[in-house]
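Observations on the model geometry
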Amino acid sequence: MAATAAVLEGTPKIEIRGLGRSFNKKSNVPGTKTKEKFFALKDFNLAINKGEFVAIVGPSGCGKSTLLDLLVGLSKADEGQILIDGKAIKGPDLDRGIVLQGYALFPWRTVRRNIEFGLEIKGIPAKERAEISDKFIKLVDLVGFENHYPYELSGGMQQRVAIARALAYDPEVLLMDEPFAAVDAQTRETMQDELLTIWEKTGKTIIFVTHSIEEAVGLADRVAVICRSPGSVKEVVDVKLPRPRRIGDVRNTPDFSLVSHHVWELLQDKAPEEKTPRAQIDIGEEILPDTVI
Amino acid sequence: MKALNFVKRFLIAALPIIAFFVLWQIGSSHVPRGVISSPEKIAKAMWKAFIDPEHVLLWHTGQSLSRILRGYLLASVVGIVLGFALGTYFRSLEKLFLPFFRVCEKLNPFAIIPVFMILFGVGDKEKIAVVFWAAFWPIFFNTQEGAKSVDLSLVRSARSMGANRFKVFTGVIFPYTLPSIFTGLRLSSRVAFFMMVASETLGAINGLGWYYAQQRIVHKLSLIYGSILFITVLAILVNFLFVRLEKHFLVWKEAALK
Ligand SMILES: Nc1ncnc2c1ncn2[C@@H]1O[C@H](COP(=O)(O)OP(=O)(O)O)[C@@H](O)[C@H]1O
Ligand SMILES: [Mg+2]
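Because the structure is a prediction, the values reported are computed rather than measured.

1. Digging into the site of ligand 1
All names here are of chain A. As a matter of local geometry, ligand 1 sits amid F23, F38, A40, S60, G61, C62, G63, K64, S65 and T66. Here G63 contributes a backbone N or O atom positioned 3.2 Å from an oxygen atom of ligand 1. Contact between ligand 1 and S65: an oxygen atom at 2.7 Å from a side-chain N or O atom of the residue. About the coverage of ligand 1: the protein hides 64% of its 560 Å² of free accessible area. Broken down by secondary-structure element, the contributors of at least two residues to the shell around ligand 1 are β2 (37–48) and α1 (64–72). When residues of the shell around ligand 1 are assigned to their parent elements, the largest contribution, 3 residues, is made by α1. Taken together, the residues of the shell around ligand 1 sort by class into 4 nonpolar, 5 polar and 1 charged.

2. Considerations on the coordination of the magnesium ion (ligand 2)
All names here are of chain A. Those donors, S65 (OG) and Q101 (OE1), are the protein atoms that reach the magnesium ion (ligand 2), and they lie 2.1 to 2.7 Å from it. Placement of S65 in helix α1 and of Q101 in the loop between β6 (96–99) and α2 (111–115) is noted, with a sequence separation of 36 residues between them. Q101 gets classed as partly exposed once you look at its relative accessible area, which sits at 43%.

3. Some words on the packing of aromatic side chains
Enumeration over the complete set of coordinates arrives at 33 aromatic pairs over all chains. A ring pair is formed by F23(A) and F38(A), whose centres lie 6.2 Å apart and whose planes are at 45°; its orientation type is tilted. Of this pair, F23(A) sits in strand β1 (residues 14–24) while F38(A) sits in strand β2, and the two are 15 residues apart along the sequence. According to the relative accessible area criterion, F23(A) is partly exposed, its value standing at 31%. Where F169(B) meets F174(B), the ring centres are 6.3 Å apart and the plane angle is 45°; that geometry is what we call tilted. Taken together through their ring pairs, the aromatic side chains of F97(B), F100(B), F101(B), F116(B), F120(B), F132(B), W133(B), F136(B), W137(B), F140(B) and F141(B) make up a single cluster. Over the aromatic face of F106(A) sits the side chain of R165(A), whose NZ or CZ is 5.0 Å from the ring centroid.

4. Structural notes on the packing of helix α5 (residues 109–120) of chain B against helix α8 (residues 165–202) of chain B
Residue and element names in this part refer to chain B. Relative to each other, α5 and α8 sit at 50°, their axes nearing to 10 Å. Judged by the inter-axis angle, α5 sits oblique to α8. Taken as a pair, α5 and α8 cross one another with a handedness that is right-handed. Two secondary-structure elements touch here, α5 through P109, F110, I113 and M117 and α8 through M195, A198, S199 and L202. Residue composition of the contact of α5 with α8, by class: 7 nonpolar, 1 polar and no charged.

5. Things to note about the interface of chain A and chain B
Residue-level contacts link 23 residues of chain A with 19 residues of chain B. Summed over both sides, the interface of chain A with chain B buries roughly 1900 Å², with 70% coming from carbon and sulfur. Per-residue buried area on chain A facing chain B is highest for L74(A), W108(A) and Y151(A); these three make up 33% of the total on that side. Taken together, the connections running from chain A to chain B amount to 2 salt bridges. In this structure, the salt-bridge partner of D69(A) is R156(B), at a minimum N-O distance of 2.8 Å. Counting every contact that joins chain A to chain B gives 4 residue pairs in polar contact (both at pLDDT 80 or more). Broken down by element, the side of chain A that touches chain B gets its largest block of residues, 4 residues, from helix α3 (residues 117–122) of chain A. Classifying every residue of the side of chain A that touches chain B by side-chain character gives 16 nonpolar, 1 polar and 6 charged.

6. A short note on the sheet that holds β2(A)
All names here are of chain A. The sheet built from 4 strands is open, its strands ordered β2-β1-β4-β5 with antiparallel pairing. This sheet does not close on itself; its edge strands, each paired only once, are β2 and β5 (87–88). Sheet topology places β1 next to β2; 8 bridges connect them, and they run antiparallel. Its bridge partner lying in β2, S22 is registered against F39. Sheet strands in contact with α1 are β1, β2 and β4 (79–84), and its direction is about 120° off that of β1.

7. Looking at the sheet that holds strand β3 (residues 53–57) of chain A
Residue and element names in this part refer to chain A. As summarised here, the arrangement of the 6 strands in space is β6-β7-β8-β3-β9-β10, forming an open sheet in which the pairing is mixed. Each edge of the open sheet is held by one strand with a lone partner, namely β6 and β10 (232–238). When strand polarity is set aside, the average angle formed by the axes of neighbouring strands in this sheet is 20°. Bridging between strand β7 (residues 173–177) and strand β8 (residues 205–210) involves 5 bridges; their strand directions are parallel. What sits directly across from V173, in β8, is T205.

8. What to know about the pattern of salt bridges
A complete count under the given rule lists 32 salt bridges over all chains for this structure. D85(A) is the partner of K13(A) in a salt bridge, and the nearest nitrogen-oxygen pair spans 2.9 Å. With K13(A) in the segment before β1 and D85(A) in the loop between β4 and β5, this residue pair connects regions lying 72 residues apart in the sequence. Each of R109(A), R113(A), E120(A) and K167(B) takes part in one network of salt bridges that share partners.

9. Some words on the pairing of β3(A)
All names here are of chain A. Among the 5 residues in β3, 5 count as buried, and that is most of the element. Of the two faces of β3, both are covered, the one formed by F53, A55 and V57 as well as the one formed by V54 and I56. As paired elements, β3 and β8 share 5 bridges and run parallel to each other. By the bridge assignment for β8, F53 is matched with I206. Of the pairings in the sheet, the one linking β3 to strand β9 (residues 222–227) comprises 4 bridges and is parallel in character.

Rules of the game
- Residue positions are given per chain, counting from 1 as you read along its sequence in written order.
- Throughout, the order in which chains and ligands are written sets their labels, letters from A for the former and numbers from 1 for the latter.
- Residue-level local features of this predicted model are given only where pLDDT is at least 70; pairs of side-chain atoms are given and counted only at 80 or more, and the full residue set underlies all totals for whole chains, interfaces and linings.
- As a rule here, side-chain values cover all heavy atoms of the structure and leave hydrogens and water aside.
- Residues are classed as near a molecule or strand on a simple rule: at least one heavy atom within 4 Å of it.
- Think of a polar contact as two N or O atoms within 3.5 Å of one another; within protein, one of them needs to be a possible hydrogen donor and the other a possible acceptor, and neighboring residues in sequence only count if both atoms come from side chains.
- In these tables, accessible area is a Shrake-Rupley quantity obtained with a 1.4 Å probe, and a residue counts as shielded only by the protein chains included in the view.
- Helix numbers and strand numbers start at the N terminus; a helix is a DSSP run of H or I with at least 4 residues, a strand a run of E with at least 2.
- For this classification, the nonpolar set comprises Ala, Val, Leu, Ile, Met, Phe, Trp, Tyr, Cys and Pro, the charged set comprises Asp, Glu, Lys and Arg, and every other residue, Gly included, is treated as polar.
- Distances up to 2.8 Å from the metal define which N, O and S atoms are donors, and 3.2 Å serves for Na, K and Ca; water is absent from the atom set, so sites may look incomplete.
- Summary of the burial criterion: residues with accessible area below 20% of their type's maximum are buried, those above 50% are exposed, and those between are partly exposed, where the area comes from a 1.4 Å probe applied to protein chains only.
- The rule is short: rings of Phe, Tyr and Trp, with Trp giving its six-membered ring, pair when the centres are within 6.5 Å, and they are stacked under 30 degrees, edge-to-face over 60, tilted in between.
- Note on criteria: charge over ring means Lys NZ or Arg CZ within 6 Å of the ring centre, with the direction from the centre no more than 35 degrees off the ring normal.
- Whenever a helix is involved, its axis is fitted only over the stretch in contact; in every case the axis is a line through C-alpha atoms, and angles between N-to-C directions fall within 0 to 180 degrees.
- Small angles under 35 degrees read as roughly parallel and large ones over 145 as roughly antiparallel, with 65 to 115 read as roughly perpendicular and the rest as oblique.
- Helix crossings get a hand from a simple test, with the near helix turned counterclockwise from the far one by less than a right angle marking a left-handed crossing and a clockwise turn marking a right-handed one.
- The contact criterion used throughout is that any non-hydrogen atoms of two residues lie within 4.5 Å.
- Accessible area, probed at 1.4 Å, shrinks when two parts are joined; the buried area is that loss added up over both.
- We count a salt bridge whenever a side-chain nitrogen from Lys or Arg sits within 4 Å of a carboxyl oxygen from Asp or Glu.
- Should DSSP find at least two bridges between two strands, the strands are taken to pair.

Structure representation (structure tokens):
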């Protein structure tokens with residue numbers, strides 16, 4: 001569908017230009033505050049086309065969640081700007097939906113009412129809300145669980161609700177922060193394939209944050225590799241695997257291994273002052289697919 | 001099957017209570033007269049008080065309940081509003097007020113009664129103030145702590161969908177705090193009840209506490225014990241009401257805890 005790999009032409013859907021975000025450094029003495037700043041993101045540039053599936057991969061603490069916060073509009077950048085359709089974003093809006101790290105479902109709302117939250121804010125009347133939520137309950141395969149509360153669902157099902165909730169108010173851009181990190185391996189693969197199907201059906205622009213190389217390469221059109229301190233794009237890797245794609249079908253192909261290995265190398269290539277031994281690099285369990293070497 | 005289970009559980013729970021009354025009944029005939037009354041006499045006396053054509057007991061009960069309700073409602077409104085204020089948008093004032101509030105909470109409520117009598121004069125106002133004082137703290141502190149601990153990822157989630165401050169409050173902070181508010185309301189309903197009776201025994205012209213004090217003056221043993229039991233039963237009923245309300249409104253919480 002809209003899944004043709006990236007050739008940047010015209011105005012990109014999202015353009016991140018020279019983005020910088022700093023925080024106050026945490027003090028070593030508890031209870032006191034330092035005025036010292038550090039940049040979690042600095043000089044971050046990335047352009048994303050409409051309908052593209054871009055994965056952002058990097059070690060934990062490299063500023064991935066910070067970037068998504070800025071993309072949603074939950075926090076403000078110190079430097080640079082983010083343009084959507086050529087316009088600078090001002091705050092959260094319904095043109096972007098996010099699936100936050102850890103689902104963040106409302107425990108007092110049933111599946112249906114969780115999905116309808118954004119629709120309520122949009123001021124959509126109850127009857128129409130029900131029709132829309134029905135549609136998305138079907139899409140994420142939760143028929144029969146409409147009136148369940150989150151605690152009654154498995155991790156994978158909760159994740160589906162979070163995805164449906166973010167999709168229900170029909171944002172053009174879907175942001176996802178390590179959505180499958182907390183589910184077991186088998187569920188993860190099912191969910192990854194489901195996400196691909198949803199993307200193929202809806203044609204959304206997706207920015208998918210992960211620390212798993214396999215996941216990034218398996219899902220995305222392009223993989224933006226982020227390096228640590230301060231976080232910025234090291235390289236954007238094109239993934240020229242066929243579409244429509246199923247993770248299980250591409251995982252063992254030579255192309256997949258090549259791209260994965262390249263991404264892996266980029267992640268190993270650390271800044272000189274950092275002497276983190278290989279084994280301690282927090283980059284998920286799948287540092288290197290077995291097929292490479 | 002379910003109903004049978006319920007009856008079984010009920011009987012098991014009721015057994016010690018029944019045993020207590022039976023022992024009391026037996027024991028009362030072996031104790032010198034004028035010290036304790038027997039359950040049988042109490043039941044008879046209370047029954048008479050209930051069907052009394054002038055409704056003396058019921059009228060006094062009504063007086064107490066109406067005062068409790070007024071003081072309690074006032075405490076709920078002020079406690080919940082202040083709790084939310086100091087738990088959310090005015091968190092910066094927390095450091096200023098909370099230590100002082102903690103001291104106030106620790107004041108012995110019984111010691112407060114005479115002070116309120118001087119401040120408000122003996123009467124409805126004073127009684128309502130006593131109930132308010134006792135009921136306010138649990139509601140306030142529970143609301144404040146609940147609102148303070150709101151899950152920030154839920155707030156972020158709501159804000160990412162374009163929720164404004166009002167919707168963040170009604171859609172996230174309020175429902176998140178509801179269980180804590182209920183805890184506060186339940187705790188203070190008990191305190192309110194007992195403080196009212198206490199304040200009425202100290203100085204009043206009507207109410208359940210007054211009724212009880214009257215029975216003491218005329219040394220009507222069966223009614224002294226009777227009104228104590230009656231007050232206890234009322235308190236249990238109120239507690240039961242709260243348990244039901246919680247079950248009804250906090251399905252997601254009740255079930256999540258099991
Ligand atoms: N609100 C904050 N205050 C201070 N430091 C923060 C804050 N949010 C994130 N950071 C810091 O910024 C860096 C990037 O964090 P984050 O974006 O969460 O990384 P990632 O999602 O890639 O694991 C980390 O060093 C983190 O400690
Ligand atoms: Mg993160």
